[in-house]
Amino acid sequence: MKILIVDDSKATLEIVRRGLESFGYCRLSIEKTCSATQALELAKEWHPDIVLTDWYMPDMTGLTLTEELMKLGVGIKVGMITTVDDESQIKQAQAAGASFVLTKPFEDSELHRYLLPLVQGVEESKKTLDSITEVQKELALPKLSQLEKLLQRELGARCLLYTSDVADEKRRSRLPRSQT
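Residues numbered from 1 in each chain as written. Predicted model: local features only at pLDDT ≥ 70, side-chain atom pairs only at ≥ 80, totals over all residues. Heavy atoms only, no water.

**Some words on the overall build of the chain**
Point 1. Across its full length, the chain holds seven helices and five strands.
Point 2. Written out in order from the N terminus, the α and β elements of the chain read β-α-β-α-β-α-β-α-β-α-α-α.
Point 3. The burial tally for the chain puts 37% of its 180 residues in the buried class.
Point 4. As displayed, the chain offers around 10,900 Å² of accessible surface, 50% of which is attributable to carbon and sulfur atoms. (Helix = DSSP H or I, 4+ residues; strand = E, 2+ residues; numbered from the N terminus. Buried < 20%, exposed > 50% of the residue type's maximum accessible area, 1.4 Å probe, protein only. Areas by Shrake-Rupley, 256 points an atom, 1.4 Å probe, with all protein chains shown as cover.)

Given below as structure tokens:
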């Protein structure tokens, strides 16, 4: 499981990292960054399962980062760990796609309680993808998004699937005009 921590405070990055490692999640891989802009690039390249972000950062807010991560459409789960405790801002974060907003300061047990449903959801998705081993004639193919995630995990992040309309259009655009 890949978790990306984003906070402009290096101390908070370490507190969250240590808190995550204390829970003993299996195959946990953690990346940290102080920059929301860099986090967005990491999300595109590294494909984390979960992003934990602060709200207030100098280069981009955690709210904007959450919105941008949702636009990627790759199923990244987002949690906010922040000093924000205003109910309207919390609702705004949840509307943008944040699964939870945890207010600083917090105990490791609180982080675990908020994170556990996300971890279980990611693990369940991975089990579903792992169960897709053989396609039989009488069975439908998995959803395009699930198949793409499985292929990306096995073949690398650059693997993309297109619907037949998009693929046909791309193929036609490469043919000389006389063959279209």
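On we go.
**A look at unusual backbone geometry**
Point 1. In the segment running from K104 into P105, the intervening peptide bond is cis, with an omega of -10 degrees.
Point 2. Residue placement: P105 occurs in the loop between β5 (98-103) and α5 (108-131).
Point 3. You will see that H47, though not glycine, has its phi angle at about 55 degrees, which is positive.
Point 4. Among the structural elements, H47 can be located in the loop between α2 (36-46) and β3 (50-53).
Point 5. On the accessibility criterion, H47 (23% relative accessible area) is partly exposed.

**Description of the sheet that holds strand β1 (residues 2-6)**
Point 1. Spatial ordering of the open sheet is given by β2-β1-β3-β4-β5, a layout of five strands whose pairing is parallel. In this open sheet, the two strands that pair with only one neighbour each are β2 (29-33) and β5. Averaged over all neighbouring strand pairs, the angle between strand axes comes to 20 degrees, with direction disregarded.
Point 2. Across five bridges, the pairing between β1 and β2 is parallel. (Pairing = 2+ DSSP bridges. Axes fitted to C-alpha atoms, helices over the stretch in contact; angles between N-to-C directions.)

**A look at the side chain of D54**
Point 1. The residue D54 is located in the loop between β3 and α3 (62-72) in this model.
Point 2. Side-chain polar atoms of D54 contact the side chain of T82, separated by 3.5 Å.
Point 3. Each residue touching D54, except ones within four places of it in the same chain, is listed here: V6, D7, D8, G62, M80, I81, T82 and K104. (Polar contact = N/O pair within 3.5 Å; in protein donor to acceptor, adjacent residues only side chain to side chain. Contact = heavy atoms within 4.5 Å.)

**A look at the packing of α3 against helix α4 (residues 87-96)**
Point 1. Two elements in contact, α3 and α4, have axes separated by 9 Å at closest approach and are oriented at 20 degrees. Classified by the angle between their axes, α3 and α4 sit roughly parallel to one another. Considering the relative orientation of α3 and α4, their crossing is left-handed. Where α3 approaches α4, its residues L63, T66, E67 and M70 are matched on the opposing element by Q92, A93 and A96.
Point 2. Looking at the contact of α3 with α4, its residues break down into four nonpolar, two polar and one charged. (Parallel < 35°, antiparallel > 145°, perpendicular 65-115°, else oblique. Left-handed = near helix turned anticlockwise from the far one by under 90°. Nonpolar A, V, L, I, M, F, W, Y, C, P; charged D, E, K, R; others polar.)

**Things to note about the packing of aromatic side chains**
Point 1. Overall, the coordinates contain two aromatic pairs when judged by the stated rule.
Point 2. Between W55 and Y56, the aromatic rings sit 6.2 Å apart at their centres with planes inclined by 45 degrees, giving tilted as the arrangement.
Point 3. Of the residues examined, Y56 reaches a relative accessible area of 45% and is grouped as partly exposed.
Point 4. Across the ring face of Y114, the terminal group of R113 is positioned such that the distance to the ring centre comes to 5.0 Å. (Phe/Tyr/Trp six-rings, centres within 6.5 Å; stacked < 30°, edge-to-face > 60°. Lys NZ or Arg CZ within 6 Å of the ring centre and 35° of its normal.)

**Description of the pattern of salt bridges**
Point 1. By the definition in use, this model includes seven salt bridges.
Point 2. Across the pair R17 and E21 runs a salt bridge, and its minimum N-O distance is 2.6 Å. With a gap of four residues between them, R17 and E21 both fall in helix α1 (residues 10-22), about one helical turn apart.
Point 3. The exposure class of E21 is partly exposed, given its relative accessible area of 45%.
Point 4. What you see here is one network of salt bridges that share partners, running through E14, R17, E21 and K32. (Salt bridge = Lys/Arg side-chain N within 4 Å of Asp/Glu carboxyl O.)

**Quick look at the pairing of strand β4 (residues 77-82)**
Point 1. Within β4, five of the six residues are buried, which leaves it mostly tucked inside the rest of the structure.
Point 2. Both β3 and β4 contribute to a ladder of four bridges, which runs parallel. Directly across from I50, in β4, lies its bridge partner K77.
Point 3. In terms of handedness, the path from β3 via α3 over to β4 forms a crossover that is right-handed. (Right-handed = clockwise from strand over helix to strand, strands pointing away.)

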